[in-house]
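# A closer look at the structure
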Amino acid sequence: MRPRSAILLVLFLSGCGSSAGKPLSAVDGYVAALRASDFSRAYDFMSERYRRDHSRAEFVKRMQESPREVKETVTRLSSGGRRVELSAKFLYDDLRDELPLLVEDGQWRIASDPLDFYPQDTPAHALRSFVRAVELKRWEVVLRFVPDKWRKDMTTEKVREQFEGADNEDARQMMRLLAANLDNPIETQGDEARMPYGERFEVKFVREDGVWKIADPD
């Protein structure tokens, strides 16, 4: 069973002065490895999540094929006026929702809009919002996730029937599978995205007017 809440700390590097030693030592070690063309050692500084998706051989090959980009990366990461900004994500509930936090004047503060209960700014947020709206039976909210080409033919009653109709066990099973696979990787290309889940299903997303919608949940 997944924990219902957790804190995930994320460190961001940006450009002004500070002396946060440990994060910068990781950056400086990475830079030193790149400068020495020791790309295998540079790979060791990458996160576990990154290493799951990218092999050492793939990383080294990409670096060897991009000498100008490597040199530019070294220059940018070695420039003066650096600082480390601390931020965090609070992960909570069964949908693994995220509450972003940041440090201001030495105090942790909430960095999201508390009134945005159904964000659609990323495919992952849109999927969680879609599942939440269905679970709460907010059919008027579910309509927000319908792409424009189908929106004119949909009503809240039609949406409700899709998920609550007597013969719609398939839709209910789909929602159970989606809720269980919310942490799956999502591949994004431009205004489209996709997320395989289960043994043979795939969610397709489309971005319209700056927000992500569910083009095809199964």
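Refer to the structure printed above.
Residues numbered from 1 in each chain as written. Predicted model: local features only at pLDDT ≥ 70, side-chain atom pairs only at ≥ 80, totals over all residues. Heavy atoms only, no water.

### A closer look at the sheet that holds strand β5 (residues 187-189)
In space, the 4 strands of this open sheet follow the order β5-β6-β7-β8, with antiparallel pairing throughout. Each edge of the open sheet carries a strand with a single partner, namely β5 and β8 (211-216). With direction set aside, neighbouring strand axes in the sheet form an average angle of 25 degrees. Pairing of strand β7 (residues 201-208) with β8 involves 5 bridges; the strand directions are antiparallel. Bridge pairing links lysine 204 to aspartate 216 in β8. Docked against the sheet, helix α6 (residues 123-135) engages β5, β6 (192-197), β7 and β8, running at close to 65 degrees with respect to β8. (Pairing = 2+ DSSP bridges. Helix = DSSP H or I, 4+ residues; strand = E, 2+ residues; numbered from the N terminus. Axes fitted to C-alpha atoms, helices over the stretch in contact; angles between N-to-C directions. Contact = heavy atoms within 4.5 Å.)

### Description of the environment of glutamate 187
Counting through the fold element by element, glutamate 187 comes out in strand β5. Taking the C-alpha atoms as reference points, glutamate 187 and proline 123, 64 residues apart in sequence, are found 9.3 Å from one another. In this structure the side chain of glutamate 187 is engaged in a polar contact, spanning 3.5 Å, whose partner is the side chain of glutamine 189. (Polar contact = N/O pair within 3.5 Å; in protein donor to acceptor, adjacent residues only side chain to side chain.)

### With respect to the side chain of asparagine 181
Summarising the element assignment, asparagine 181 is placed in the loop between α10 (169-180) and β5. In this view, asparagine 181 contacts Met195, Tyr197 and Gly198; residues no more than four positions away in its chain are not counted.

### Some words on the nonpolar core
It is characteristic of soluble globular proteins that their nonpolar side chains tend to be buried jointly. Ranked by internal contacts, the top residues of the largest apolar core, which has 29 residues, are Phe130, Phe163 and Leu178. At the level of secondary structure, the elements contributing two or more residues to this core comprise α6, α7 (139-142), α9 (156-164), α10, β6, β7 and β8. Looking at which element gives the most residues to this core, the answer is α6, with 6 residues. When sequence neighbours within four positions are dropped, the list of residues in contact with phenylalanine 163 reads Phe130, Val134, Trp139, Val142, Asn168, Ala171, Arg172, Met174 and Met175. The next biggest cluster of nonpolar side chains, apart from the first, holds 13 residues, and it includes Val27, Val31, Met63 and Val74. (Core = buried A, V, L, I, M, F, W, Y, C linked by side-chain atoms within 4.5 Å. Buried < 20%, exposed > 50% of the residue type's maximum accessible area, 1.4 Å probe, protein only.)

### Re the pattern of salt bridges
Counted by the stated rule, this structure contains 16 salt bridges. Among the ionic pairs, lysine 213 bridges to glutamate 208, the shortest N-O distance being 3.0 Å. The structure contains a network of salt bridges with shared partners spanning Lys137, Glu157, Arg160, Glu161 and Glu164. (Salt bridge = Lys/Arg side-chain N within 4 Å of Asp/Glu carboxyl O.)

### Notes on α6
With 13 residues, α6 ought to run about 18 Å at 1.5 Å a step, and its terminal C-alpha atoms sit 18 Å apart, in line with that. Across the 13 residues that make up α6, a large majority, 10, are buried. Of the residues making up α6, those classed as buried are Pro123, Ala126, Leu127, Arg128, Ser129, Phe130, Val131, Arg132, Ala133 and Val134. (Expected span 1.5 Å × (residues − 1).)

### Side note on the packing of α6 against α10
The interhelical angle for the contact between α6 and α10, taken along N-to-C directions, is 135 degrees, at an axis separation of 10 Å. With respect to α10, the element α6 is oriented oblique. The way α6 lies across α10 gives a crossing that is left-handed. Mapping the contact onto sequence places Leu127, Phe130, Val131, Val134 and Glu135 in α6 and Met175, Leu178 and Ala179 in α10. Taken together, the residues of the contact of α6 with α10 sort by class into 7 nonpolar, no polar and 1 charged. (Parallel < 35°, antiparallel > 145°, perpendicular 65-115°, else oblique. Left-handed = near helix turned anticlockwise from the far one by under 90°. Nonpolar A, V, L, I, M, F, W, Y, C, P; charged D, E, K, R; others polar.)

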